[in-house]
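Structural characterization, general
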Amino acid sequence: MGSNSLHVLKGINFSVEQGELVAIMGSSGSGKSTLLNILGMLDEADSGIYTLDTVPIIDLNETKAAEYRNKFLGFIFQSFNLINYKSAVENVALPLYYQGKSRKERNATALEYLDRVGLKPWADHLPSELSGGQKQRVAIARAMAADPKVLLADEPTGALDSKTSCEVMDLIQKINDEGNTILVVTHEEDIAHMCKRIVYLKDGVIVEDKKIDQVRASQYV
Amino acid sequence: MFSRDTWKEIFDTIRKNKLRTFLTGFTMALGIFIVVILVGFTNGLQNTFEKFFGDDATNTLFVFPGRTSMPYKGYTSNRRIQFDNSDLKDIEENFAMFLDYITPRITRSSLVRYKGESNNYTNRAVAPAHQFSEKTIIMKGRFLNENDINIRAKYAVVGRLVAKDLFKEEDPIGKYITLGDSAFKVIGVFQDDGGDNEERLIYIPYTTRQLIEKGNDKIEQIILGFNPSIGYAGAMALEKNITKLLKEKKFIAREDRSGIFIRNIADELKQNQQFAQVLGFIALFFAIGTIIAGIIGVSNIMIFVVKERTKEIGIRKALGATPRVVISTILLEATTITILSGFSGMLAGVLILQNLEGKLEDYFITNPYIDLGFAVGATLILIIFGSIAGYVPAKRAARIKPIVALRDE
């Protein structure tokens, strides 16, 4: 951005083991979204090393970044970001399309993941015909479909009421139980406490990094 | 890139975004449709023009006698000038090099009868060469020849409508009609593109007319065709020299403008050609203008369509679509729509033009048509520019960071 560049992150040093469920917390402007964007290869760090599953993520051009995103990462967004003219199953199958899987295989896999989030009966519905919680579950199924190494969730419950939020977190916990690594950006304490580790960010640096006792979301559902 | 799966994805997207597809397709189809119709109409206008002025031979001079307006060499003014056979001969001898043909014309109107039918018809007493000056087309029999002139034969060549009126279904060739007080043998039937009036004429040898009128040698008009290779300047010079010759011979003052008139088709032809040229420019201007308007329309809708999909592009990129895939999918989709709708628009235009054939002659549009190569070319230009117009924003959209694109509402 040239002259008006701003150093949002000022030295972040942390690592995530496989199978962890990490919450990244902080007030707005603390740099948590920027961190997530760098982890998600949607943005690049000015300096430093980022290693994902022994692969160094450096000098990415757009094409390379797209490949890595497809292979390594699954995104869950606050506003779901489903493609509105595609049905649930087609949305879930989309990352597989970019992996070059056959149509048959894509549909079978997509249905399987929809089943896992409990939405198989809604497979042919358009996003506009689904509730907010259902949309986020479709988005989670889509993030899972490509079998990524890390799931990145940016305020996954930000647009949901507390009951639906708990349902979604319950689902995220279950996926984590199966051994998937998940990073959740949130500013809600109770959501953060449903993870296993909380990283507090303030003004671009980590102020606290602690393991916690997980609060199971299922008890609120 | 062109796998079956890609196409399935593309047609899926097209099918599921009906409004977008419709807008893009409609703009494209309308654009090319208007190009085809407008160009077709201007071509029709040019056809009408050519039909109006393309009938008679264009390398023709008409020489008419008039009345003098000033006294000269002892002659009073207001003297009537009369041509005769010697004038014909003089022109023929003096300008032989420049002339293709020369013919007199004496026009009369006479009652013509055959069996029970009778009617008044204009008859022209002419030489054989007259056939060239009016582009008379013989349908049956023959036109007059030199021998008919020499023997002062009572032969008549009748127009198609004369034959139809007088003879009905009967074959007129060899039959005798009564023209005025004399019997004439019909030796030919002709048609003429110049319209119905031209086909209600009767041609007879000019010597025969002179014989009937007390054996005089008077003629009314002289029509001559000059060699087209002398060009416009040559035709003007010829006109001047013939005027000079006849004025001297008939004792008409040089400055006298009303003794002899010459109507030079070459002069009119030049004006007509200029008009046709202007018409051609207008047609070209219309064609280019509508094509540009079409390009602008299609480009606009393309930019709008890509802009509208910015967020979708962000989602697809986050899911692992490379910029190349994103761009090619959007472009393939857009060009598929523009190709299909462009050619349907073109086809619709061409079909309507064909349908209008002969229906708009009252509005000076004869057989509107469009050169198929031109139509296809214009369609391709619109498709190509539409693709370019889609490519630029698509490329930009594909370069936007996914996180920015995702924020686009």
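Described in the following lines is the structure provided in the data block. (Residues numbered from 1 in each chain as written. Chains lettered and ligands numbered in written order. Predicted model: local features only at pLDDT ≥ 70, side-chain atom pairs only at ≥ 80, totals over all residues. Heavy atoms only, no water.)

Take the sheet that holds strand β8 (residues 205–211) of chain A next. Residue and element names in this part refer to chain A. Spatially, six strands are ordered β4-β5-β6-β1-β7-β8 in an open sheet, and the strand pairing comes out mixed. The open sheet has two edge strands, β4 (73–76) and β8, and neither has a second partner. For this sheet, the mean angle separating the axes of adjacent strands, direction not counted, is 20°. With six bridges connecting them, strand β7 (residues 197–202) and β8 associate as antiparallel partners. Across the sheet, the residue bridging to Arg 197 is Lys 211, located in β8. (Pairing = 2+ DSSP bridges. Helix = DSSP H or I, 4+ residues; strand = E, 2+ residues; numbered from the N terminus. Axes fitted to C-alpha atoms, helices over the stretch in contact; angles between N-to-C directions.)

Before going further, it helps to examine helix α3 (residues 88–98) of chain A. Counting buried positions over the 11 residues of α3 of chain A gives 10, a clear majority of the element. Taken together, the buried positions of α3 of chain A are occupied by Ala 88, Val 89, Asn 91, Val 92, Ala 93, Leu 94, Pro 95, Leu 96, Tyr 97 and Tyr 98 of chain A. For α3 of chain A, the secondary structure elements touched by its buried residues are α2 (62–72), α4 (103–116) and α5 (132–145) of chain A together with α1 (4–16), α10 (310–318) and α11 (323–355) of chain B. Backbone geometry just downstream of α3 of chain A places Gly 100 of chain A in the positive-phi region, at approximately 80°. (Buried < 20%, exposed > 50% of the residue type's maximum accessible area, 1.4 Å probe, protein only. Contact = heavy atoms within 4.5 Å.)

With that settled, the discussion passes to the nonpolar core. Residues and elements named next belong to chain A. Counting 45 residues, the largest nonpolar core has Met 41, Leu 52, Ile 57, Leu 73, Phe 75, Leu 152 and Leu 183 as the members making the most contacts within it. Contact partners of Leu 152, with chain neighbours within four places excluded, come to Leu 36, Leu 39, Gly 40, Leu 73, Gly 74, Phe 75, Ile 76 and Leu 183. The next biggest cluster of nonpolar side chains, apart from the first, holds 44 residues, and it includes Ile 76, Ala 88, Val 168 and Cys 195. (Core = buried A, V, L, I, M, F, W, Y, C linked by side-chain atoms within 4.5 Å.)

Scanning the model with the defined rule gives 34 salt bridges over all chains in all. The partner of Glu 20 of chain A in a salt bridge is Arg 197 of chain A, with the nearest N and O atoms 3.1 Å apart. In this pair, Glu 20 of chain A sits in the segment before β1 (21–25) while Arg 197 of chain A sits in strand β7, placing the two residues 177 residues apart along the sequence. For the pair Glu 20 of chain A and Arg 197 of chain A, one class covers both residues: buried. Residues joined in a network through salt bridges with shared partners are Lys 86 of chain A together with Glu 9, Arg 20, Glu 308, Arg 309, Glu 312, Arg 316 and Glu 333 of chain B. (Salt bridge = Lys/Arg side-chain N within 4 Å of Asp/Glu carboxyl O.)

With that out of the way, let us pick up the interface of chain B and chain A. Between chain B and chain A, the contact holds 27 residues from the first and 25 residues from the second. In total, chain B and chain A occlude about 2500 Å² of area from one another, counting both sides; carbon and sulfur atoms represent 54% of this. When the area that chain B buries against chain A is broken down by residue, the three leading residues are Asp 5, Leu 319 and Ile 403 of chain B, summing to 23%. In this structure, the connection of chain B to chain A is made through three salt bridges. The partner of Glu 9 of chain B in a salt bridge is Lys 86 of chain A, with the nearest N and O atoms 3.0 Å apart. At the junction of chain B with chain A, the criterion picks out nine residue pairs in polar contact (both at pLDDT 80 or more). Listed by contribution, the elements that provide at least two residues to the side of chain B that touches chain A are α1, α10, α11 and α13 (402–407) of chain B. In the side of chain B that touches chain A, the residues fall into 10 nonpolar, five polar and 12 charged. (Buried area = accessible area lost by both parts, 1.4 Å probe. Polar contact = N/O pair within 3.5 Å; in protein donor to acceptor, adjacent residues only side chain to side chain. Nonpolar A, V, L, I, M, F, W, Y, C, P; charged D, E, K, R; others polar.)

Residues and elements named next belong to chain B. Structurally, the position occupied by Thr 207 is in helix α7 (residues 206–212). As a C-alpha pair, Thr 207 and Ile 219 span 12 residues in sequence and 9.6 Å in three-dimensional space. Residues contacting Thr 207, with those up to four places away along its chain left out, are Asp 148, Ile 149 and Arg 152.

Roughly 500 Å³ of volume is contained in the second largest pocket. Leu 82 and Asn 84 of chain A together with Glu 308, Lys 311 and Glu 312 of chain B are the residues nearest the centre of the second largest pocket, which is lined by 22 residues in total. When grouped by side-chain class, the residues that make up the lining of the second largest pocket number nine nonpolar, five polar and eight charged. (1 Å grid on protein atoms, 1.4 Å probe; cavity = no way out; pocket = protein on both sides within 12 Å on 5 of 7 lines; lining within 4 Å. Points joined across faces, edges and corners; volume = space filled by probe spheres on them.)

Further remarks concern the packing of aromatic side chains. Residue and element names in this part refer to chain B. Evaluated as defined, the whole model comprises 11 aromatic pairs over all chains. Ring geometry for Phe 22 against Phe 26: centres 5.3 Å apart, planes inclined by 20°, an arrangement best described as stacked. Pair noted here: Phe 22 and Phe 26 are both in helix α2 (residues 18–53), with a separation of four residues, about one helical turn. A relative accessible area of 44% places Phe 26 in the partly exposed class. With centroids separated by 5.4 Å and ring planes inclined at 20°, the aromatic side chains of Tyr 75 and Phe 251 adopt a geometry described as stacked. Placement of Tyr 75 in the loop between β1 (60–65) and β2 (83–84) and of Phe 251 in the loop between α8 (231–249) and β12 (260–264) is noted, with a sequence separation of 176 residues between them. Taken together through their ring pairs, the aromatic side chains of Phe 143, Phe 190 and Tyr 203 make up a single cluster. The ring of Tyr 75 has Arg 79 lying over it, and the distance from NZ or CZ to the ring centre is 4.5 Å. (Phe/Tyr/Trp six-rings, centres within 6.5 Å; stacked < 30°, edge-to-face > 60°. Lys NZ or Arg CZ within 6 Å of the ring centre and 35° of its normal.)

Let us now look at the pairing of strand β8 (residues 182–191) of chain B. Residues and elements named next belong to chain B. The element β8 is extensively covered by neighbouring structure, given that seven of its 10 residues are classed as buried. Where strand β5 (residues 137–141) and β8 come together, four bridges link them in antiparallel fashion. Among the inter-strand pairings, Ile 138 is bridged to a residue of β8, identified as Phe 190. The pairing of strand β7 (residues 176–179) with β8 spans four bridges and is antiparallel.

Moving on, we come to the side chain of Gln 136 of chain A. Locating Gln 136 of chain A in the fold gives a position in helix α5. Separated by 2.8 Å, the side chain of Gln 136 of chain A and the backbone oxygen of Phe 77 of chain A make a polar contact.

Trans is the common state for peptide bonds, and a negative phi is the common state for residues other than glycine. Although it is not a glycine, Thr 54 of chain A sits at a positive phi angle of roughly 70°. The topology assignment puts Thr 54 of chain A in the loop between β2 (51–52) and β3 (55–56). Notably, Lys 168 of chain B is not glycine yet its phi reads approximately 50°, a positive angle. Structurally, the position occupied by Lys 168 of chain B is in the loop between α6 (160–167) and β7.

In this section: the environment of Asn 59 of chain B. Residue and element names in this part refer to chain B. Examined against the element boundaries, Asn 59 turns out to sit in the loop between α2 and β1. Given the relative accessible area of 13%, Asn 59 is considered buried. Along the chain, Asn 59 and Leu 99 lie 40 residues apart, while their C-alpha atoms are 9.8 Å from each other. Each residue touching Asn 59, except ones within four places of it in the same chain, is listed here: Asp 100, Leu 224, Gly 225, Phe 226 and Pro 228.

This part is about the packing of α3 of chain A against α1 of chain B. Contact geometry of α3 of chain A with α1 of chain B gives a least axis separation of 13 Å together with a crossing angle of 150°. Handedness of the α3 of chain A/α1 of chain B crossing: left-handed. Of α1 of chain B, the residues touching α3 of chain A (which contributes Glu 90, Leu 94 and Tyr 97 of chain A) are Asp 5, Thr 6, Glu 9, Asp 12 and Lys 16 of chain B. (Left-handed = near helix turned anticlockwise from the far one by under 90°.)

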